[in-house]
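Descriptive structure summary
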Amino acid sequence: MSDDVKDAGLVAMISSILGGNKRAESVAPPPLAEGPPTVPLNGAEAVAAPIAEVVSTGQEDVPNAAPAAVEPVEQPAKIITTRDGRQLLPAEAIADLVLGELRKLENFPATGASVTVYGYRHWNAMITFAPFSTNFQNATRFRQAMPDIVFKLRRFVELEI
């Protein structure tokens, strides 16, 4: 990363601390995609493990032949819905949904961003960025897009306690 980018980030941080955050207000959040989000299945989409087939060697009458090892298959978790039709999901699943919506935005970093979901009835989300994962202007854009994403997801998802 060049020194100019680091200096610009430091100047922006100092100006935001001192109350001179004029650049952040001029950045408009990007438009959001409409429609319900897709719920991550957290690995439950994996299909049953393939069962090893017994190869016929002409020795079917051998009593010591071990049967093929069969691993038990986990059933996908049932999606619980509330009376008003919202899906009841844990905080980690909602954080994955929010992060998935943010990844649809232009210039969102592939790594270094994390979302924390908190609250109960009116849950909320907070985004944090690792150092040097994005620049100040993009981070501001993503933070300004968060309330719209949370508002949209609250219509479809409720936090499980």
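Below or above, wherever it landed, is the structure these notes cover. Positions within a chain are numbered from 1, following the residues in the order the chain's sequence is written. Only residues with pLDDT of at least 70 are given local features in this predicted model, and only at 80 or more are side-chain atom pairs given and counted; all residues enter the totals for whole chains, interfaces and linings. Only hydrogens and water are set aside when side-chain values are computed; all heavy atoms of the structure are taken into account.

1. Some points on the pairing of strand β3 (residues 113-118)
Basically, it comes down to this: Buried means the residue's accessible area, taken with a 1.4 Å probe over protein chains only, is under 20% of the maximum for its type, while exposed means over 50%, and partly exposed covers the values in between. Helix numbers and strand numbers start at the N terminus; a helix is a DSSP run of H or I with at least 4 residues, a strand a run of E with at least 2. Any two strands are treated as partners once DSSP identifies two or more bridges connecting them.
The alternating pattern of β3 places Ala113, Val115 and Val117 on a buried face, while none of Ser114, Thr116 and Tyr118, on the opposite face, is buried. One ladder, built from six bridges, connects β3 with strand β4 (residues 124-129); its direction is antiparallel. Bridge pairing in β4 links Val115 to Ile127. Connecting β3 to the next strand, β4, in antiparallel fashion are five residues, including Gly119 with a positive phi near 105°.

2. Thoughts on the sheet that holds strand β2 (residues 87-89)
What counts is decided by this rule: Working rule for contacts: check all heavy atoms of both residues, and any pair within 4.5 Å makes them a contact. Note on geometry: axes are lines fitted to C-alpha atoms, helical ones only across the stretch in contact, with angles between N-to-C directions running from 0 to 180 degrees.
Read from one edge of the open sheet, three strands run β1-β2-β5, paired in mixed fashion. For this open sheet the edge positions go to β1 (80-81) and β5 (157-159), each flanked by a neighbour on one side alone. Where β1 and β2 come together, two bridges link them in antiparallel fashion. Within β2, the residue paired with Ile80 across the bridge is Leu88. Lying over the sheet, helix α3 (residues 91-103) contacts β2 and β5, oriented at roughly 140° with respect to β5.

3. A short note on a nonpolar patch on the surface
Threshold: Patch construction takes residues with relative accessible area above 30% that form no salt bridge. Like charges are linked within 9 Å, and nonpolar side chains (Val, Leu, Ile, Met, Phe, Trp, Tyr) are linked within 5 Å. Surface accessibility in these figures is a Shrake-Rupley result with a 1.4 Å probe; residues are shielded only by whichever protein chains are displayed. Any Lys or Arg side-chain nitrogen found within 4 Å of a carboxyl oxygen on Asp or Glu counts as a salt bridge.
Nonpolar side chains collect at one region of the surface, where Leu10, Met13, Ile14, Ile17 and Leu18 lie side by side and expose about 540 Å² of accessible area between them. Among the structural elements, Met13 can be located in helix α1 (residues 3-17). What makes Met13 partly exposed here is its relative accessible area of 43%.

4. Points about α3
Stated formally: Take the number of residues in a helix, subtract one, and multiply by 1.5 Å to get its expected span.
Across its 13 residues, α3 extends 18 Å between first and last C-alpha, which sits within 8% of the 18 Å expected from 1.5 Å per residue. All of the buried residues along α3 are Ala93, Ile94, Ala95, Leu97, Val98, Leu99, Glu101 and Leu102. Each element contacted by the buried residues of α3 is listed here: β2, β3, β4, α4 (136-154) and β5.

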